[in-house]
Amino acid sequence: MADRVTVIGWDGSPLTAAARSALGAATLVAGAAHHLALPEVPARAERIRLGSVALVARRIAGHRGTAVVLADGDPGFFGVVRTLHAPEFGIEVEVVPAVSSVAAAFARAGMPWDDAQVVVAHRRTLRRAVNVCRAHTKVAVLTSPGAGPAELGLLMEGVHRTFVICEELGTDHEQVTVVTSDKAADHTWRDPNVVIVIGGPAGPAGTGEGGWIAGRDPGTGPRGWALPAEAYGGDLGEGESELLRAAQLARLGPRVGDLVWDIGCGSGAFAVEAARAGAAVIAVDRDLPACVRTEAAARGFGIQLQIIRGTAPHVLENLPEPDVVRVGGGGAAVVSAVADRRPQRIVTHAGTRDAAELVGRALTEHGYQVECALVQSVELDTQAWTETERSVAFLLSGLLPDRPA
């Protein structure tokens, strides 16, 4: 293994004395083409074009001498340090950091970023990165070839956002461009670039004061899940009782990076609570009053929803692929149409055993593992300890075993 390995971050500014000293002693230097062209790289050093970090790590592990790895920005932030530290390599490194590309991008935009989500987009994670952009008001996207601003814009169809696109930060070709998300695909963008995605309501706690945790503050909004009807403007529908909603949320487990469909969203109670968990949500209902009420609930909680008015299953045909789905209405026909799209989990309810059997059969025929439980809740008057309301429903959930969670 190399006698000494130094990872140097580069942000376009002159190298520090520590960085110049490490480079001057290097017998192997790895980096991108613009790094290897720096005048501080010794002419005698072996040079490796940095493509696969894993391959470079293997070369360093077998090198006898002093190695330097050059990387853009802060190499400890979604950078090469993690790979070099991986158990299969176990390379001990000294790090000379620079300003991260995310920090530089927000500086160019003149915006704070302690409240931003930061995601990496490449071909494998692009869809999840887009879902984070759907769900949050401020996101920095570290892009890659084939998963850049144009692809982000195309997958954000139906959701309005503003893109601040920062190309080749720290170089003579640096450029910052502001476009709406629907126009991003009309341009050709240079790599590397960072996209700041902004838009939507600021949330109920937008005071302008400093926060205490990076990203979205988990303490905004009321504490708890499956909130009572009063939190959503009054009476809820038959399939929206607190206990049933809590069980549905538990079965689906919506999380950051997911896209949730809520079909037959009613009051918006389930859609809002899935979005509060950090997931992107598309709420669908055929009734205009339901859509209006869902929009009001989302606005009241300061969260992001895409609301579509239409009748399932036809309205589902052009929606982006979901991770998990709640079917609040439509029975076996809608459940079958949803199962055709292969989400990882589906949850629904039925009022009778016959209806539950039809839904269960539809899920089984599509390859889902089915669970069914009879959920009963009874509300009591705690003064007289008498029953005030009773609800009973069959809770059905389907898990697709061959799709990763």
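Structure's up top.
Residues numbered from 1 in each chain as written. Predicted model: local features only at pLDDT ≥ 70, side-chain atom pairs only at ≥ 80, totals over all residues. Heavy atoms only, no water.

1. Details of helix α10 (residues 288-301)
Over its 14 residues, α10 runs 20 Å from end to end, which matches the ideal 20 Å to within 8%, given 1.5 Å per residue. Of the surrounding elements, those touching the buried residues of α10 are α9 (269-276), β12 (280-285) and β13 (306-309). At the C-terminal side of α10, G302 shows a positive phi close to 65°. (Helix = DSSP H or I, 4+ residues; strand = E, 2+ residues; numbered from the N terminus. Expected span 1.5 Å × (residues − 1). Contact = heavy atoms within 4.5 Å.)

2. Considering the packing of aromatic side chains
Evaluation of the coordinates by the stated rule reveals three aromatic pairs. Ring centres of F77 and F78 lie 5.0 Å apart, and the angle between their planes is 70°; this geometry places the pair in the edge-to-face category. Look at Y232 and F301: their rings are 5.6 Å apart centre to centre, the planes differ by 25°, and that puts the pair in the stacked class. Taken together, the residues Y232 in the loop between β10 (193-198) and α8 (242-252) and F301 in helix α10 connect sequence positions 69 residues apart. Overall, Y232 belongs to the buried group, its relative accessible area being 4%. For F301, a relative accessible area of 13% gives the class buried. Above the ring of W225, the side-chain terminus of R276 is found at 4.7 Å from the ring centroid. (Phe/Tyr/Trp six-rings, centres within 6.5 Å; stacked < 30°, edge-to-face > 60°. Buried < 20%, exposed > 50% of the residue type's maximum accessible area, 1.4 Å probe, protein only. Lys NZ or Arg CZ within 6 Å of the ring centre and 35° of its normal.)

3. Some words on the sheet that holds strand β9 (residues 175-180)
In space, the five strands of this open sheet follow the order β6-β7-β10-β8-β9, with mixed pairing throughout. The sheet is open, and its two edges are formed by β6 (117-120) and β9, each paired on a single side. Put simply, the sheet's adjacent strands are angled 20° from each other on average, direction ignored. Of the pairings in the sheet, the one linking strand β8 (residues 162-167) to β10 comprises six bridges and is antiparallel in character. What sits directly across from T162, in β10, is I198. (Pairing = 2+ DSSP bridges. Axes fitted to C-alpha atoms, helices over the stretch in contact; angles between N-to-C directions.)

4. Things to note about the pairing of strand β15 (residues 345-350)
Most of β15 sits inside the fold, with five of its six residues counted as buried. For strand β14 (residues 324-327) and β15, the ladder comprises four bridges, and the chain directions are parallel. Residue V327 lies in a different strand from β15, and its bridge partner there is T348. Handedness of the crossover joining β14 and β15 through helix α11 (residues 331-339) is recorded here as right-handed. In this structure, β15 lies alongside strand β17 (residues 386-399), joined through six bridges in antiparallel fashion. Opposite V347, over in β17, you have S397 as the bridge partner. (Right-handed = clockwise from strand over helix to strand, strands pointing away.)

5. With respect to the environment of G31
Relative to the helices and strands, G31 resides in strand β2 (residues 28-31). The exposure class assigned to G31 is buried, which follows from its relative accessible area of 0%. For the pair G31 and D72, spaced 41 residues apart in sequence, the C-alpha separation works out to 9.0 Å. Each residue touching G31, except ones within four places of it in the same chain, is listed here: L36, I48, R49, L50 and L70.

6. Quick word on a nonpolar patch on the surface
Together, F77, F78 and W113 make up a nonpolar patch on the protein surface, roughly 290 Å² of accessible area in all. Position of W113 among the secondary structure elements: in the loop between α5 (101-109) and β6. (Patch = residues over 30% accessible without salt bridge, like charges linked within 9 Å, V, L, I, M, F, W, Y side chains within 5 Å. Areas by Shrake-Rupley, 256 points an atom, 1.4 Å probe, with all protein chains shown as cover. Salt bridge = Lys/Arg side-chain N within 4 Å of Asp/Glu carboxyl O.)

7. Overview of the pattern of salt bridges
Applying the stated criterion across every chain, the model contains 15 salt bridges. E46 is the salt-bridge partner of R59, the closest N and O atoms lying 2.1 Å from each other. One end of the pair, R59, is in helix α3 (residues 53-61); the other, E46, is in strand β3 (residues 46-49), with 13 residues separating them in the sequence. Since its relative accessible area comes to 32%, E46 is described here as partly exposed. Among the ionic pairs, R128 bridges to D258, the shortest N-O distance being 3.4 Å. Of the two residues, R128 sits in helix α6 (residues 126-135) while D258 sits in the loop between α8 and β11 (259-263), which places them 130 residues apart along the sequence. The class of R128 is partly exposed, set by a relative accessible area of 30%.

8. Thoughts on the sheet that holds β17
Strand order in this open sheet of seven strands is β13-β12-β11-β14-β15-β17-β16, and the pairing throughout is mixed. On the outer flanks of this sheet lie β13 and β16 (369-381), each paired with one strand and no other. Neighbour to neighbour, the strand axes of the sheet diverge by 20° on average, direction disregarded. Docked against the sheet, α10 engages β12 and β13, running at close to 175° with respect to β13.

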